Amino acid sequence: MKYKLFGSKTGLPVSELILGGSQLGDRRGYGTAARDALQILAAYADAGGNYIDVSDTYQFGELEETVGKFIDHKRDDFIICTKYTRSSQPDPSVANAGNHRKAMRQAIEGSLKRLKTDYIDIYMPHFDDGVTTLEEIVRGLEDLVTAGKVLYTGLANFAAWKAASIAGAIPVSALQIEYNLMQRTAERELLPMAEHFGMGAMCYSPLAAGLLTGKYRKGASGRLTLSTPGGHLEDERTKMILDQTEQIAKEVDSTSGQVALAWVLSKGVFPIIGARTLAHLETSLSAVDISLNADQIMRLNQISTFSMGFPHDLLATVQQK
Ligand SMILES: NC(=O)c1ccc[n+]([C@@H]2O[C@H](COP(=O)([O-])OP(=O)(O)OC[C@H]3O[C@@H](n4cnc5c(N)ncnc54)[C@H](OP(=O)(O)O)[C@@H]3O)[C@@H](O)[C@H]2O)c1
């Protein structure tokens, strides 16, 4: 596994693949049993992985407990990113969820306890709750950094103008977005904003929750057939993307999923790989060995193209390249 600097400001070397843990644990009724989750974490670390993405809400706190067990005695070797907003409780009271400081304080204390650590490397709201002011979020995050409980702050699932407003007030080192061959709209505003502020950009669902592995066209069942009615079905655009990904996989002697991950890596974004089984993890880890050539990247870009919209389309006609 190679290491890359996380963003242009932190100087923090992180493994090029981040391990995402939302499916590690089964308290929500779908995912990996805790014992297998520990095996997946160990295999990721053995491969050189040092960056684990969690959230208090994943498996209702179970994931943080498992990661806490795993990093015990070697905590400082890992970069732990965790998030708040949704709470670790299945049915939180209104005072326990959201982005306000009361929820933030309760959430971080819970995360520190479950992770058995006294600091979080990267801490962020899980999404914009639509209610809490940006000033409130800024002050809360800043206080956690000052208190030494958090090293770096980040944002997940915020509109670019809101994220930029926060990053204009305090250093924001990380951005977490959905980004993959199916979903590229972060290229409009969010990714340029991350670059402008020197944030490390990490993307969730790099395989579009499994769709880009191509397994559903082979009749497999999985998260998308179970949780999102019709989520595995192919419209015309999806079909073309999957066909092209499959074709390129043949050319480079790999799998469609590995090609999808290699494409994300080619964009300078850190994929957060979501492995539910050891076999998933091993396949995804091998994606770093694939080298896509310029023609293959261009074909993937073209097939997954999308409308940039205003003002980008207008600016493309008036600005010099
Ligand atoms: N900030 C946020 O709002 C947010 C949202 C979502 C996720 N995340 C983070 O991002 C991480 C990754 O997200 P994701 O799980 O959506 O990522 P993903 O990589 O797009 O999807 C992972 C899923 O793909 C399937 N899969 C993976 N490898 C496979 C293989 N070799 N063969 C067949 N199927 C395979 C598995 O689905 P099956 O279970 O169907 O087998 C697995 O659960 C999460 O763990 C979490 O840490 C953050």
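Above this text is the structure in question.
Residues numbered from 1 in each chain as written. Predicted model: local features only at pLDDT ≥ 70, side-chain atom pairs only at ≥ 80, totals over all residues. Heavy atoms only, no water.

Colleague: Explain the overall build of the protein chain to me, using residue names and the numbers behind them.
Modeller: When helices and strands are tallied, the protein chain shows 12 helices and 10 strands. The C-alpha atoms of the protein chain give a radius of gyration of 19 Å, which matches the 20 Å a tight globule of 321 residues would have. Each principal axis of the C-alpha distribution contributes one length, and for the protein chain these read about 50 × 50 × 40 Å. Buried positions account for 51% of the 321 residues belonging to the protein chain. Treating the 33 positive side-chain charges of the protein chain as one cloud and the 37 negative ones as another, the clouds have centres 2 Å apart. (Helix = DSSP H or I, 4+ residues; strand = E, 2+ residues; numbered from the N terminus. Rg over C-alpha atoms; globule rule 2.2 N^0.38 Å. Buried < 20%, exposed > 50% of the residue type's maximum accessible area, 1.4 Å probe, protein only. Lys, Arg positive; Asp, Glu negative; His and termini not counted. Charge placed at Lys NZ, Arg CZ, Asp CG, Glu CD.)

Colleague: Would you mind going over the state of the cysteines in detail, with residue names and values included?
Modeller: Enumeration over the complete set of coordinates arrives at zero disulfides. The thiol of Cys-81 is not disulfide-bonded; the next cysteine sulfur, from Cys-203, is found 13 Å away. Its relative accessible area of 0% is what places Cys-81 among the buried residues. Cys-203 gets classed as buried once you look at its relative accessible area, which sits at 0%. (Disulfide = S-S within 2.5 Å.)

Colleague: Break down the pairing of strand 6 (residues 120-125) for me, with residues and values.
Modeller: The side chains of a regular strand alternate between the sheet's two faces. Counting buried residues along strand 6, six of its six residues qualify, which places the element largely inside the surrounding structure. Taking the sense of rotation as the criterion, the β-α-β connection linking strand 5 (residues 79-84), helix 3 (residues 101-115) and strand 6 turns out right-handed. In the sheet, strand 6 pairs with strand 7 (residues 150-156) via three bridges, with the strands oriented parallel. Note that in strand 7 the partner of Ile-120 across the bridge is Val-150. In this view, the connection linking strand 6 to its parallel neighbour strand 7 by way of helix 4 (residues 134-146) has right-handed handedness. (Right-handed = clockwise from strand over helix to strand, strands pointing away. Pairing = 2+ DSSP bridges.)

Colleague: So what about a nonpolar patch on the surface? Which residues, and what values?
Modeller: A contiguous nonpolar surface patch, about 360 Å² in accessible area, is contributed by Phe-310, Leu-314 and Val-318. In this structure, Phe-310 sits in the loop between helix 11 (294-303) and helix 12 (312-318). Looking at Phe-310, the relative accessible area reads 72%, which means it is exposed. (Patch = residues over 30% accessible without salt bridge, like charges linked within 9 Å, V, L, I, M, F, W, Y side chains within 5 Å. Areas by Shrake-Rupley, 256 points an atom, 1.4 Å probe, with all protein chains shown as cover. Salt bridge = Lys/Arg side-chain N within 4 Å of Asp/Glu carboxyl O.)

Colleague: Go over the pattern of salt bridges, please, and point to the residues and values.
Modeller: Applying the stated criterion to the full structure yields 15 salt bridges. Beyond isolated ion pairs, a larger network of salt bridges with shared partners links Arg-217, Glu-234, Lys-239, Asp-243 and Glu-246.

Colleague: So, the pairing of strand 10 (residues 270-274): which residues are in play, and what are the values?
Modeller: Judged by how many residues are buried, strand 10 sits mostly within the fold: four of five residues are covered. Pairing of strand 9 (residues 200-204) with strand 10, which is carried by two bridges, proceeds in the parallel orientation. Its bridge partner lying in strand 10, Cys-203 is registered against Pro-271.

Colleague: Describe the site of the ligand, with residues and values.
Modeller: In the vicinity of the ligand there are 28 residues, among which Tyr-30, Asp-53, Ser-205, Arg-223 and Arg-276 approach most closely. In the environment of the ligand, an oxygen atom lies 2.8 Å from a nitrogen or oxygen atom belonging to the side chain of Asn-157. Contacts to the ligand include Ala-208, whose backbone N or O atom sits 3.3 Å from an oxygen atom. Alone, the ligand offers 900 Å² of accessible surface; in the complex the protein occludes 91% of this. For the shell around the ligand, the secondary-structure elements that each account for two or more residues are strand 10 and helix 10 (278-285). Residues belonging to the shell around the ligand are distributed by class as follows: nine nonpolar, 14 polar and five charged. (Near = heavy atom within 4 Å. Polar contact = N/O pair within 3.5 Å; in protein donor to acceptor, adjacent residues only side chain to side chain. Nonpolar A, V, L, I, M, F, W, Y, C, P; charged D, E, K, R; others polar.)

Colleague: Before we move on, can you summarise the packing of aromatic side chains with the specific residues and values?
Modeller: Taken as a whole and assessed by the stated rule, the structure comprises five aromatic pairs. Summarising the aromatic geometry, the rings of Tyr-84 and Tyr-123 are spaced 5.5 Å apart at their centres and angled 15° between planes, so their arrangement reads as stacked. Separated by 39 residues along the polypeptide, Tyr-84 in strand 5 and Tyr-123 in strand 6 bring together distant segments of the chain. Grouping residues by exposure puts Tyr-84 and Tyr-123 together as buried. Of the aromatic side chains, those joined through ring pairs into one cluster are Phe-6, Tyr-51 and Phe-270. Here Lys-74 stacks its cationic end above the ring of Phe-70, 4.2 Å away from the centre of that ring. When the ring centre of Tyr-119 is taken as origin, the NZ or CZ atom of Arg-75, which lies over that ring, is 3.9 Å away. (Phe/Tyr/Trp six-rings, centres within 6.5 Å; stacked < 30°, edge-to-face > 60°. Lys NZ or Arg CZ within 6 Å of the ring centre and 35° of its normal.)

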